[in-house]
Amino acid sequence: MQDFRALGQFYENQLLEKVMPFWLKYAVDRTHGGVLNYIGDDGVLISDDKVLWSQCRALWVFSALYNHLGGEPVWLELAARTAEFLLRYGRDREGAWVFRVTREGALLEPHQSIYVDGFAIYGLTEYVRATGDRAALQAAIETFERTSPLLTRSDRLLTKPHPIPEGLQAHGPFMIFALAYHELGLVAKSPEILKRALELAEIVMSQHLKPERRVLHEFVKPGGELDESDAGKTVIPAHAIESMWFMERIYSYHGNGERIRLALEAIKWHVELGWDDQYGGLYLAVHLEGGRPAWHRPDSKVWWTVTETLYALLRAYEVSRALWCLDWYRKVHEYAFRVFPNPERGDWYQNLDREGRRIPVVVRDLPVKDPFHLPRSLLYGLLVLRRLGG
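*Asks:* Talk me through empty space enclosed by the protein; I want residue IDs and the actual numbers.
*Replies:* Which parts of space are left empty comes out when a probe the size of a water molecule is rolled across the atoms. A full pass over the atoms with the stated rule returns three cavities of 30 Å³ or more. Of the volumes computed, that of the largest cavity is approximately 590 Å³. In terms of lining, the largest cavity is formed by 36 residues, of which the most central are Trp53, Arg57, His162, Trp304 and His373. The biggest single contributor to the lining of the largest cavity is helix H6 (residues 171-188), with five residues. Of the residues that constitute the lining of the largest cavity, the class distribution is 24 nonpolar, seven polar and five charged. The computed volume of the second largest cavity comes to approximately 70 Å³. Every residue along the wall of the second largest cavity is listed here: Trp23, Trp303, Asp347, Trp348, Gln350, Lys369, Asp370, Pro371, Phe372, His373, Leu374 and Pro375.

Put into structure tokens, the structure is as follows:
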């Protein structure tokens, strides 16, 4: 497993010969731009409606592939068509990003989730890295200006498909906007945006992450006090793991070694907490006292939990050289590439039960499939492996 060059070649093959060809064949909308995100694991189209959540994430992937893998024109062309679609149809008159449109861009569902705004910033920022597009940068900055004040009261946010329990503060908006603002701040060369990103990162690290308990609480009372409800005792291990590699990225820029160390430790805590010793993989959610977690089908095994964990472990090893990172990486890698890949189509099955059998969509309010978690993990993992391999 320490043959990083060979593993990097494996990652490159998975990304460019298996996963992305699935999306090029079945999902790219070459007529109107963007991707068709209501498709099954077999590539069969279920609906040609478009969820903006997915369009923004696809924009990030196409742009990042162009930025990091040799500037292939195909990725820039797809990114440009997706950005054009988003900039034309994505926002309402108040500047909020809408939730769902027709294939052609007509409105079906208005603004339902601030997460769409976060993914819009993230995707547009990566596109600006590729092109310098001023309209995309302006849209991202305007979205920052609209959303930043809203995050002071996360309990009032629209967060479909993950509603925030009444009276509680959710970890999700802070982690996502911390990263999105950080990337935007770098591209826009804006100290103000970078400062706001760091403020949100500090909320994650000081209010949701509880080092004395070795756990990150998905929901706390506003300000960080623990809540005794089932929601307050719910942990989403892979969400915490994903959040911690976001934090490492942010704090590495700021040179905060103590925060980096804590983020890497927290990755280990949550791999240990979430791992299913009987069947392998990570539980989607766990309850700290053995009750029922307040989350979608908590004992399911969904694809994004392992993709985020694989990258987090590789990055944690690159930063720390701690052997526990490789030990856990081996276990997660063996499980992930044994259970999730669809040998007939190249991409991964998204939703499995605890024992690894295919099940219907877990998040019923967002029954989509889009190119994001898996391509991002493979791309970022590949970059780490290239650096480790010399």
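*Asks:* Can you tell me about the environment of Ser206, naming the residues and giving the values?
*Replies:* Assignment of secondary structure puts Ser206 in helix H7 (residues 191-208). Separated by 18 residues in sequence, Ser206 and Gly224 place their C-alpha atoms 7.6 Å apart. Side-chain polar atoms of Ser206 contact the backbone oxygen of Glu202, separated by 2.5 Å.

*Asks:* I'd love a proper account of H6, names of residues and values included.
*Replies:* When the terminal C-alpha atoms of H6 are compared, their 26 Å separation across 18 residues agrees well with the 26 Å that a helix rising 1.5 Å per residue should span. The buried fraction of H6 amounts to 16 of the 18 residues, a majority that puts the element mostly inside the structure. At the C-terminal side of H6, Lys189 shows a positive phi close to 55°.

*Asks:* Talk me through the side chain of His162; I want residue IDs and the actual numbers.
*Replies:* Mapped onto the elements of the fold, His162 is located in the loop between helix H5 (134-147) and strand E6 (169-170). His162 gets classed as buried once you look at its relative accessible area, which sits at 18%. One polar contact links His162 to His296, side chain to side chain, over a distance of 2.9 Å. Once residues within four sequence positions are removed from consideration, His162 is found in contact with Trp53, Tyr115, Trp295, His296 and Val363.

*Asks:* Break down the packing of aromatic side chains for me, with residues and values.
*Replies:* Going through the model one piece at a time under the given rule, you end up with 27 aromatic pairs. Centre to centre, the rings of Phe10 and Phe337 are 5.0 Å apart; their planes meet at 75°, and the pair counts as edge-to-face. Linking Phe10 in helix H1 (residues 4-26) with Phe337 in helix H11 (residues 323-339), this pair joins segments that are 327 residues apart in sequence. Judged by relative accessible area, Phe337 falls into the buried class, the value being 17%. Centroid distance Phe177 to Tyr181: 5.4 Å. Interplanar angle 65°. Geometry classified as edge-to-face. Pair noted here: Phe177 and Tyr181 are both in helix H6, with a separation of four residues, about one helical turn. For Tyr181, a relative accessible area of 0% corresponds to the buried category.

*Asks:* I'd like to hear about helix H10 (residues 303-320), residue by residue, with values.
*Replies:* When the terminal C-alpha atoms of H10 are compared, their 26 Å separation across 18 residues agrees well with the 26 Å that a helix rising 1.5 Å per residue should span. Buried residues dominate H10, accounting for 16 of its 18 residues. Arg321, located one to two residues past H10, shows a positive phi value of around 60°.

*Asks:* Explain the sheet that holds strand E5 (residues 107-109) residue by residue, including any values.
*Replies:* A sheet is described by the order of its strands in space; here three strands give the open sequence E3-E4-E5, paired in antiparallel fashion. What marks the edges here is a single partner per strand, and that holds for strand E3 (50-51) and E5. In this structure, strand E4 (residues 100-101) lies alongside E5, joined through two bridges in antiparallel fashion. Across the sheet, Arg100 pairs through a bridge with Glu109, a residue of E5.

Thresholds applied
- Residues numbered from 1 in each chain as written.
- Predicted model: local features only at pLDDT ≥ 70, side-chain atom pairs only at ≥ 80, totals over all residues.
- Heavy atoms only, no water.
- 1 Å grid on protein atoms, 1.4 Å probe; cavity = no way out; pocket = protein on both sides within 12 Å on 5 of 7 lines; lining within 4 Å.
- Points joined across faces, edges and corners; volume = space filled by probe spheres on them.
- Helix = DSSP H or I, 4+ residues; strand = E, 2+ residues; numbered from the N terminus.
- Nonpolar A, V, L, I, M, F, W, Y, C, P; charged D, E, K, R; others polar.
- Polar contact = N/O pair within 3.5 Å; in protein donor to acceptor, adjacent residues only side chain to side chain.
- Expected span 1.5 Å × (residues − 1).
- Buried < 20%, exposed > 50% of the residue type's maximum accessible area, 1.4 Å probe, protein only.
- Contact = heavy atoms within 4.5 Å.
- Phe/Tyr/Trp six-rings, centres within 6.5 Å; stacked < 30°, edge-to-face > 60°.
- Pairing = 2+ DSSP bridges.

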